[in-house]
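Analysis of the macromolecular model
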Amino acid sequence: MRVFAAALALVAGACSSPSASVEGCLAAPLAPLGPLPSADQVAWHAMAYYAFVHFNMNTFTAREWGEGRESPDTFAPTELDCRQWCRAFRDAGMKGVILTAKHHDGFCLWPSKTTEHTVARSKWKDGKGDVVRELAEACREYGLKLGLYLSPWDRNHPAYGDSERYNAVFRAQLEELCTGYGPLFEVWFDGACGEGPNGKRQVYDWPGFVGVVREHQPHAVIFSDAGPDVRWVGNENGVAGETCWAMLRRDEFYPGTPNSGPLTPGQEDGTDWVPPECDVSIRKGWYWKASEDGTVKSVDELERIWLASVGRNANLLLNVPADRRGRIPDAEVRVLRELKERVDRTYAKDLARDARASAAGDRGVREDASKVVDGERTTYWAARAGATSGELVLELPEARAFDRVWLQEPIELGQRVRGFRVEAEVGGTWTELVRGTTIGYRRILAVPRTTARRVRVVIEEARGRCALATVGLFATTGE
Ligand code: FUL
């Protein structure tokens with residue numbers, strides 16, 4: 001009996017100890033397969049969707065990149081109302097907001113001691129204003145998390161280009177922001193620099209910048225082209241790769257990296273967990289301009305963007321710029337609400353929640369397939385030990401119509417799946433609805449509207465033993 005058990009365990013492919021019981025072995029908890037996310041990165045994945053607000057000197061000059069010679073008095077919002085921003089974002093289902101505390105022109109929205117070029121030098125609120133503070137307070141009131149964008153490229157500061165001197169300035173600015181406004185969920189470093197070949201040459205102290213954030217905001221994730229925690233997705237269209245690994249060979253990239261191609265799909269053999277964030281603007285430019293009022297995206301466009309980002313293992317950072325009053329314009333507030341209503345209508349009811357789930361091809365041993373329909377992201381089904389492919393069948397109480405499939409992996413233990421397909425039994429025949437490569441934290445797939453009682457997810461290939469945390473089925477309402 002003992003020998004038999006040991007032989008079976010070897011077939012199962014994971015237990016090297018002959019004394020391990022078959023059950024213990026086959027039902028062994030899934031071993032982590034690195035790289036793995038930190039707890040703060042997992043919390044970041046769960047946020048999914050939040051606002052970017054480009055609001056600064058450029059709002060008042062109708063430019064995208066200011067020169068740094070603008071008078072502080074040019075910054076003159078007439079009715080700044082960060083509570084109105086937060087109300088709109090909260091009502092839109094967003095979980096946070098990231099503000100351009102300083103853009104490339106160097107103007108600081110808070111009274112920084114590191115430069116003359118700040119709100120403290122403007123007539124706005126007699127030099128007593130602080131946009132970062134107003135937003136931090138409004139975020140607290142409306143239950144949103146706060147993030148800050150701080151441009152390393154600075155066209156105003158006299159020290160820029162004198163590397164060590166400016167690095168000290170930038171570290172001090174970061175310290176002011178990281179210590180003065182409560183908890184930050186994300187710090188956003190822009191890689192852009194338009195100095196050109198004859199411009200100033202600044203060698204940035206990235207380890208020093210990261211160190212300041214780590215010291216004062218240990219739970220904030222740091223964004224740049226190359227992370228270290230969250231990466232740029234490689235485009236500004238709001239679209240993540242169809243193949244989208246959270247992993248990246250991080251040391252091969254840096255902020256402003258010319259080699260941004262791999263940032264879109266990520267790298268299966270990446271050394272670190274650096275998932276992508278999709279930044280895209282709700283209107284043509286990043287900053288509000290009256291001339292671009294006609295370019296606000298429609299709810300259909302926004303829904304496509306939502307699906308191509310949130311539905312592909314990325315987060316969506318949707319830029320909704322405030323206007324010269326210091327308010328989010330009505331058209332944006334309206335379309336954000338429409339998107340929320342549409343997403344809520346589609347995803348409110350998971351049609352698979354009362355399905356019976358079973359795992360086929362497991363030699364009769366099941367690792368509780370029901371975990372994929374229990375509504376919990378942290379419980380999961382894993383194929384038998386050693387299996388890099390597997391199959392899950394969902395049987396619904398009756399035939400139901402759906403056109404969205406929602407899949408999640410238990411990413412705390414690593415991202416694994418590299419090839420899958422979803423099929424439905426239609427007229428007695430298994431019919432392929434969609435196939436894909438990666439899943440990751442969250443994959444949402446649009447499929448042809450299908451009415452079926454039995455649906456299966458076939459994992460064709462994975463980097464290691466395969467597992468799924470969630471299989472959901474949803475139906476759009478046909479708008
Ligand atoms: C870019 C910047 O140059 C744009 O002005 C904008 O802030 C965008 C989000 O990042 O690199």
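Residues numbered from 1 in each chain as written. Predicted model: local features only at pLDDT ≥ 70, side-chain atom pairs only at ≥ 80, totals over all residues. Heavy atoms only, no water.

Some remarks on helix 3 (residues 39-47)
Listing the buried residues of helix 3 in full gives Q41, V42, W44, H45 and M47. Immediately downstream of helix 3, the backbone of A48 shows phi near 65 degrees, a positive value. (Buried < 20%, exposed > 50% of the residue type's maximum accessible area, 1.4 Å probe, protein only. Helix = DSSP H or I, 4+ residues; strand = E, 2+ residues; numbered from the N terminus.)

Some remarks on the confidence of the model for the protein chain
As a note on interpretation, predicted positions should not be read in detail where pLDDT is low. With 92% of its residues at a pLDDT of 70 or more, the protein chain has an overall mean of 93. pLDDT under 50 marks residues 1-26. Its contacts with residues more than four places away, or in other chains, come to 25 contacts. (pLDDT = per-residue confidence, 0-100. Contact = heavy atoms within 4.5 Å.)

Here's the deal with the layout of surface pockets
The space that makes up the largest pocket amounts to roughly 610 Å³. What lines the largest pocket is a set of 30 residues, and nearest its centre among them are A48, W306, Y347, W406 and R442. Of all the elements in the fold, those that place two or more residues in the lining of the largest pocket are helix 3, helix 10 (330-347), strand 13 (390-408) and strand 18 (470-474). Here the lining of the largest pocket takes 5 residues from helix 10, the largest share from any one element. Tallied by class, the residues present in the lining of the largest pocket amount to 17 nonpolar, 5 polar and 8 charged. Looking at the second largest pocket, its volume works out to about 290 Å³. The wall of the second largest pocket is formed by 18 residues, among which W188, D190, A192, E236 and D279 lie closest to the centre. (1 Å grid on protein atoms, 1.4 Å probe; cavity = no way out; pocket = protein on both sides within 12 Å on 5 of 7 lines; lining within 4 Å. Points joined across faces, edges and corners; volume = space filled by probe spheres on them. Nonpolar A, V, L, I, M, F, W, Y, C, P; charged D, E, K, R; others polar.)

As for the site of the ligand
F52, H54, W65, H103, H104, Y149, W188, D190, A192, E236, D279 and W286 make up every residue found near the ligand. The contact in question runs from an oxygen atom of the ligand to an N or O atom on the side chain of H54, over 2.7 Å. In isolation the ligand offers 290 Å² of accessible surface; the protein chains occlude 90% of this area. Among the detected pockets, the ligand sits in the second largest pocket. (Near = heavy atom within 4 Å. Polar contact = N/O pair within 3.5 Å; in protein donor to acceptor, adjacent residues only side chain to side chain. Areas by Shrake-Rupley, 256 points an atom, 1.4 Å probe, with all protein chains shown as cover. Sits in = over half its atoms within 2 Å of the grid points.)

Remarks on the sheet that holds strand 1 (residues 49-53)
Pairing is parallel around the closed barrel formed by 8 strands, whose spatial order is 1-2-3-4-5-6-9-10. Across the sheet, the axes of successive neighbouring strands diverge by a mean angle of 25 degrees, strand direction being ignored. As judged from the 3 bridges shared by strand 4 (residues 184-188) and strand 5 (residues 221-224), these two strands associate in the parallel manner. Residue pairing across strands places W188 opposite F223, the latter belonging to strand 5. Strands in contact with helix 6 (residues 131-142) are strand 2 (96-102) and strand 3 (145-150); relative to strand 2, the strand with the most contacts, it is inclined by about 175 degrees. (Pairing = 2+ DSSP bridges. Axes fitted to C-alpha atoms, helices over the stretch in contact; angles between N-to-C directions.)

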